[in-house]
Amino acid sequence: MKKIDMHSHFFPPIGREDAARLDAAQAPWLQIDSGGETGNIMMGDRSFRPVREALWNPAARLEELDRVGVAAQIICATPIMFGYRYEARAAAEWAARMNDLALEHCAYRPARLKALAQVPLQDVELACIEASRARKAGHVGVQIGNHLGARDLDDEHLVEFLTHCANEAIPVLVHPWDMMTDGRMKQWMLPWLVAMPAETQLGILSLILSGAFERIPRSLKLAFAHGGGSFAFLLGRVDNAWRCRDIVRKDCPRPPSEYVDRFYVDSAVFDQRALRLLVEVMGAERVMLGSDHPFPLGEQQIGAMLAESDWLDEQQRGRISAGNAATFFDIDITL
Ligand SMILES: [Zn+2]
């Protein structure tokens with residue numbers, strides 16, 4: 001089974017002084033332990049997350065990919081790198097620097113490592129400029145967060161950005177970040193377990209129920225991480241609400257389930273039954289292997305869940321494991 005993993009992360013080996021150019025107190029930087037194999041993503045003096053070498057060292061990444069038979073992997077920023085809350089020009093400079101570092105990472109094995117760019121989403125003009133620049137420089141698409149503070153994907157500026165990506169044939173991966181919490185999710189990684197899937201569902205529903213999908217060109221290649229979060233499991237609930245309440249359907253002319261052909265999802269759901277539901281809801285042509293490697297909440301044996309999915313036929317499995325991503329990101333599948 002050929003595997004293209006379209007959802008993985010990197011963090012560049014930038015030190016504290018480098019990050020301080022953006023923000024001395026809060027900008028993320030990488031602390032590498034003396035052995036070189038582990039470290040921490042830091043914010044100021046505080047550890048944000050313990051990490052391992054594959055995150056920043058392409059040789060270590062390739063070794064891990066070889067171990068699990070992944071032919072190609074698409075890397076993107078760790079969401080803490082987005083920089084959306086900074087002044088737009090500073091954020092644009094930061095994004096360009098991170099994007100150049102992502103390409104440097106991929107240059108180790110350019111046929112097998114591809115990158116998605118980040119953009120200064122708080123300024124639609126600068127975001128479009130960086131998306132186009134990165135595309136020309138070699139990025140195979142962009143990754144954006146699912147919201148900007150109180151603005152969701154149906155915000156007119158974000159719709160403008162998505163339309164720009166459609167017009168320039170730049171694929172977009174939407175990743176949840178900055179999870180909703182009112183203080184009740186302090187422990188046990190609850191923001192990642194409860195709020196993250198809801199954030200992704202919120203991103204999808206904001207595009208559907210606002211009618212934004214009616215305005216965004218159909219040519220937009222759009223994907224959502226983590227199997228679309230809570231979306232597939234709760235689609236029946238949303239359709240029922242659309243049928244029964246006029247305030248749900250007031251901006252959305254068609255039943256929500258009719259919009260599933262407007263986007264893709266990755267396969268990172270970690271349960272065979274969930275994957276089966278996801279494929280039934282989205283169709284095998286709209287699910288792509290994605291692992292969230294090399295983080296602890298990612299699939300440790302990339303593609304193992306898919307390899308064990310005996311309810312899929314060979315053709316479906318091949319599309320999910322590599323074919324769909326090859327088409328979506330325009331990657332040479334013969335590698
Ligand atoms: Zn991720």
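If you're wondering where the values come from, they're calculated on a predicted model, not measured in any experiment. (Residues numbered from 1 in each chain as written. Predicted model: local features only at pLDDT ≥ 70, side-chain atom pairs only at ≥ 80, totals over all residues.)

Draft legend 1. Summary view of the packing of helix H3 (residues 88-106) against helix H4 (residues 124-137). The interhelical angle for the contact between H3 and H4, taken along N-to-C directions, is 15°, at an axis separation of 11 Å. Between H3 and H4, the interaxial angle falls into the category roughly parallel. Taken as a pair, H3 and H4 cross one another with a handedness that is right-handed. Together, Ala-88, Ala-92, Ala-95, Ala-96, Asn-99 and Leu-103 of H3 and Leu-126, Glu-130, Ala-134 and Ala-137 of H4 make up the contact between the two elements. For the contact of H3 with H4, the class distribution of residues is eight nonpolar, one polar and one charged. (Axes fitted to C-alpha atoms, helices over the stretch in contact; angles between N-to-C directions. Helix = DSSP H or I, 4+ residues; strand = E, 2+ residues; numbered from the N terminus. Parallel < 35°, antiparallel > 145°, perpendicular 65-115°, else oblique. Left-handed = near helix turned anticlockwise from the far one by under 90°. Contact = placed C-beta atoms within 7 Å. Nonpolar A, V, L, I, M, F, W, Y, C, P; charged D, E, K, R; others polar.)

Draft legend 2. Spatial organisation of the pairing of strand S6 (residues 113-117). By the criterion of burial, S6 is predominantly enclosed, with five of the five residues buried. With three bridges joining them, strand S5 (residues 72-77) and S6 adopt parallel strand pairing. Within S6, the residue paired with Gln-73 across the bridge is Leu-113. Read from S5 through H3 to S6, the crossover connection turns out right-handed. Pairing analysis gives two bridges linking S6 to strand S7 (residues 141-145), with the strands arranged parallel. Bridge pairing in S7 places Ala-117 opposite Val-142. (Buried ≥ 20, exposed ≤ 12 C-beta atoms within 10 Å, placed from the backbone. Pairing = 2+ DSSP bridges. Right-handed = clockwise from strand over helix to strand, strands pointing away.)

Draft legend 3. Inspection of the sheet that holds strand S13 (residues 287-288) at higher detail. Read across the sheet, eight strands follow the order S1-S5-S6-S7-S10-S11-S12-S13 without closing on themselves; strand pairing throughout is parallel. Every interior strand has two partners, whereas the edge strands, strand S1 (4-10) and S13, have only one. When strand S10 (residues 172-175) meets strand S11 (residues 222-224), the two strands line up parallel, connected through three bridges. When the bridges of S11 are listed, Leu-173 appears paired with Ala-223.

Draft legend 4. Region of interest: the nonpolar core. Counting 95 residues, the largest nonpolar core has Ile-4, Val-142, Val-172, Ala-223, Met-288 and Ala-325 as the members making the most contacts within it. Ignoring any residue separated from it by four or fewer positions in sequence, one finds Ala-325 in contact with Ile-4, Met-6, Met-288, Leu-289 and Ile-331. (Core = buried A, V, L, I, M, F, W, Y, C linked by C-beta atoms within 7 Å.)

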